[in-house]
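The lines below spell out each chain.
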Amino acid sequence: MRLALSSAAAPDASFDELLAACLRRGFSALELECGHGHLLDSVRAAGGDAAAARARAAGAGIHLAGLRLAPDNGEAVQSGPDQRDQVDLLALVRSLGVPLLVPAARMARAPRALDTGRVMVVLPAGGAALPALDEVDSGGRSAARLPLAWDVDPTAADISTVTGDLIARAGSRLRHVRLYGGGPESSGQEGRGIGSLMARLALSGFTGTLALAPSRASHRVAWSAWLGQRGGWGCGSTAKDRQLVTLSTS
Amino acid sequence: MAGIDADELVARLDQGHRMPTPEPETDMTDSLPILSEQPTVARPAGLTDLDPGQIVDLDVRAELRAGEEPFSKIMAARRDLAEGAVLRLRAIFEPVPLYAVLRKQGFEHWTERLSDDDWIVWFYRPGTEPTGGNGAPGAGGHGESVPEPGAAAPDPADGVVVLDVRGLDPPEPMLQTLKVLETLPPDHTLVQINVKEPRFLLPRLAELGFAYDVREQEPGLVRVFIRRKGEVAVGGPTTGNRAVRVLDVRVIPPREKHPAIFETFKALEPGESFVLVNDHDPRPLRYQFDYEHAGEFGWEYLEQGPVVWRVQISRVG
């Protein structure tokens, strides 16, 4: 299992700032979400280069865990190069060498993605996860082989009731878990089933990614401080010359 | 093995235990050991050319089945080992805690799993093995030539790929190694030749599901043997390869950490282990283990900060 930081914890941070935050806090992986300050999914990003980003991450020892669609961005999977403000996401994930994380509810609008071998279906949090898995598996043999991601939100409800069943049903298809909370929110999440979740994942031999993201947008200030960034994330993300942005572990 | 008939060897191993002789296609003398939590490599060359007189056999299966502790018997056998001799231990589970104990005494090991409750571990002193065909200790004992820096050697028939990263500047050694691992065929071993232990690579390997073994041949010459582990089905251990169990407690609320750790430990079978990941040295936890599970656990640091601590905690039978 590798622990990942989600760009949702610092949506304004540049790619290099995210890498630095990972190093500072001991994350070995990074989950990227579309529309955030890393700009990898924006054609307007100056000097945006997926291959170079991938190399920088590898050089820092950080594994890129996946590119996640923003909640309202399901249609982007079907877009191609003719979408002005959006790169071809499928081409982008190929360059980055990562899976594209697509919410289960949006899979019906992204049939093209199913055949690429690059898609990971995200099951929703809470009691909706198992019905969503049923729906994915009813989509035919190719859908039933898709790797799975799972959103876990212990702040919404006790996750204990779902954890065991879902881990058993998903088996080795479960490759990515996004945990809402952890980090600076950890001490306030007692009794919500996180300890049991982690124990069950360990005992099942889970070797995928566990990504941490804030449970609420209002917690981002706390996350920013916890990640070691005082004030806002820098303006390096708009710098034309990315060589000016350096990794800092201070 | 040179000079030893394979069927005779199998019969000797089974002697007195009424074990069924394996079918020829499962001849264990030529099989690579199946990985559990411990990394393994192809059989070292020094263990294939041994004179029978150099092998000291110690079978502790009966004691273990009787609930006895054979540790003192094992240590006595180790003490009495002549120069150049090898201790071949047979047990009903993989004696993971012994690896660290004997490593501190200068012994390396190579493990064979014959079945779920039948394990053979070879303990030997490195550097006393016979040399390979090219006059120098081979990376996998196969005498293959060392390739150009950064170039992976062609895949030989025996499943070993050699990658010499000496002469490459960081982060190229890690990048090249990870690149080769992406396409490493199943049941193959990658041997990285380095000038020092690749400290930043090792935790990444564990996270990516690879097992590894670091051997310092001499100052400035380190070999890292890397092999992929199989995935485990949810709900229980498999009868074959078992993936590394990793419990990362950094995300667990403080009061739930120790309960989660002990819940995981108690679910282990004897001989199994998991890797605990924390953001500080879990020394208080160690004290709690000493108090509540004295003699029942193994504790080995895999990484000691400054940001991440990893401890392999094993359940001793």
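No experiment lies behind these values; they were computed from the predicted model shown. (Residues numbered from 1 in each chain as written. Chains lettered and ligands numbered in written order. Predicted model: local features only at pLDDT ≥ 70, side-chain atom pairs only at ≥ 80, totals over all residues. Heavy atoms only, no water.)

1. What to know about the interface of chain B and chain A
How big an interface is tends to be reported as the loss of accessible area on association of its parts. Residue-level contacts link 31 residues of chain B with 39 residues of chain A. Of the roughly 2800 Å² buried between chain B and chain A on both sides combined, carbon and sulfur atoms contribute 60%. Taken together, chain B and chain A are joined by one salt bridge. Note that Arg54 of chain A and Glu182 of chain B form a salt bridge whose closest N and O atoms lie 3.9 Å from each other. Counting across the interface, chain B meets chain A through five residue pairs in polar contact (both at pLDDT 80 or more). Counting only elements with at least two residues in the side of chain B that touches chain A, the list comes to α5 (172-182), α6 (201-207), β9 (246-248) and α7 (254-266) of chain B. Residue composition of the side of chain B that touches chain A, grouped by class: 20 nonpolar, one polar and ten charged. (Contact = heavy atoms within 4.5 Å. Buried area = accessible area lost by both parts, 1.4 Å probe. Salt bridge = Lys/Arg side-chain N within 4 Å of Asp/Glu carboxyl O. Polar contact = N/O pair within 3.5 Å; in protein donor to acceptor, adjacent residues only side chain to side chain. Helix = DSSP H or I, 4+ residues; strand = E, 2+ residues; numbered from the N terminus. Nonpolar A, V, L, I, M, F, W, Y, C, P; charged D, E, K, R; others polar.)

2. A closer look at the side chain of Glu63 of chain B
Residue and element names in this part refer to chain B. Tracing the backbone through its elements, the reader meets Glu63 in helix α2 (residues 61-65). Polar side-chain contacts of Glu63 include one of 2.3 Å to the side chain of Lys73. When neighbours within four sequence positions are excluded, Glu63 is seen to be in contact with Glu68, Pro70 and Lys73.

3. What about the sheet that holds strand β12 (residues 309-315) of chain B?
Residue and element names in this part refer to chain B. The strand order across the open sheet built from four strands is β9-β10-β12-β11, with neighbouring strands paired in mixed fashion. Looking along the sheet, the strands with just one partner apiece sit at the ends: β9 and β11 (297-304). Shown here is a sheet whose adjacent strand axes are inclined to one another by a mean of 20°, direction ignored. As paired strands, β9 and strand β10 (residues 273-278) are joined by three bridges and run parallel to one another. The partner of Asp248 across the bridge, within β10, is Val277. (Pairing = 2+ DSSP bridges. Axes fitted to C-alpha atoms, helices over the stretch in contact; angles between N-to-C directions.)

4. What to know about the pairing of β10 of chain B
Residue and element names in this part refer to chain B. Taking burial as the measure, the six residues of β10 include six buried ones, the bulk of the element. With α7 bridging β9 and its parallel neighbour β10, the resulting β-α-β unit is right-handed. For β10 and β12, the ladder comprises six bridges, and the chain directions are antiparallel. Counted as the bridge partner of Val275 is Gln312 from β12. (Buried < 20%, exposed > 50% of the residue type's maximum accessible area, 1.4 Å probe, protein only. Right-handed = clockwise from strand over helix to strand, strands pointing away.)

5. Observations concerning the sheet that holds strand β6 (residues 148-152) of chain A
All names here are of chain A. The sheet built from eight strands closes into a barrel, its strands ordered β1-β2-β3-β4-β5-β6-β7-β8 with parallel pairing. Ignoring which end each strand starts from, the neighbouring axes of this sheet average 30° apart. Against the sheet, helix α5 (residues 129-137) makes contact with β5 (119-123) and β6, and its axis sits at roughly 145° relative to β5, the strand it touches most.

6. Examining the pairing of strand β8 (residues 209-213) of chain A
Residues and elements named next belong to chain A. Judged by how many residues are buried, β8 sits mostly within the fold: five of five residues are covered. Pairing geometry for strand β1 (residues 2-6) and β8, over four bridges, is parallel. Looking across to β8, one finds that Ala4 is bridged to Ala211. Sheet analysis places strand β7 (residues 174-180) next to β8, joined by five bridges and oriented parallel. Within the sheet, the bridge partner assigned to Tyr180 lies in β8 and is Ala213. With helix α8 (residues 194-203) bridging β7 and the parallel β8, this β-α-β connection has right-handed handedness.

7. Things to note about the nonpolar core
Judged by nonpolar contacts, the single largest core of 85 residues is most densely connected at Leu30, Trp150, Leu174 and Leu210 of chain A. Counting residues in hydrophobic clusters, the runner-up holds 20 residues, among them Leu81, Leu87, Leu89 and Phe107 of chain B. (Core = buried A, V, L, I, M, F, W, Y, C linked by side-chain atoms within 4.5 Å.)

8. Details of the side chain of Ser7 of chain A
Residue and element names in this part refer to chain A. Inspection of the secondary structure assignment puts Ser7 in the loop between β1 and α1 (15-25). Within the local environment of Ser7, its side chain forms a polar contact with the side chain of His36, the two groups lying 2.8 Å apart. Contact partners of Ser7, with chain neighbours within four places excluded, come to Leu18, Glu31, Leu32, Glu33, His36 and His38.

9. Examining the confidence of the model for chain B
Residues and elements named next belong to chain B. Per-residue pLDDT for chain B averages 72, and the proportion of residues at 70 or more is 70%. Scored below 50 in pLDDT, residues 1-40 makes 87 contacts in the model with residues more than four places away or belonging to other chains. A low-confidence stretch, residues 129-149 (pLDDT under 50), is modelled with 35 contacts involving residues beyond four sequence positions or located in other chains. Both confidence scores are given for the complex: pTM 0.58, ipTM 0.81. (pLDDT = per-residue confidence, 0-100.)

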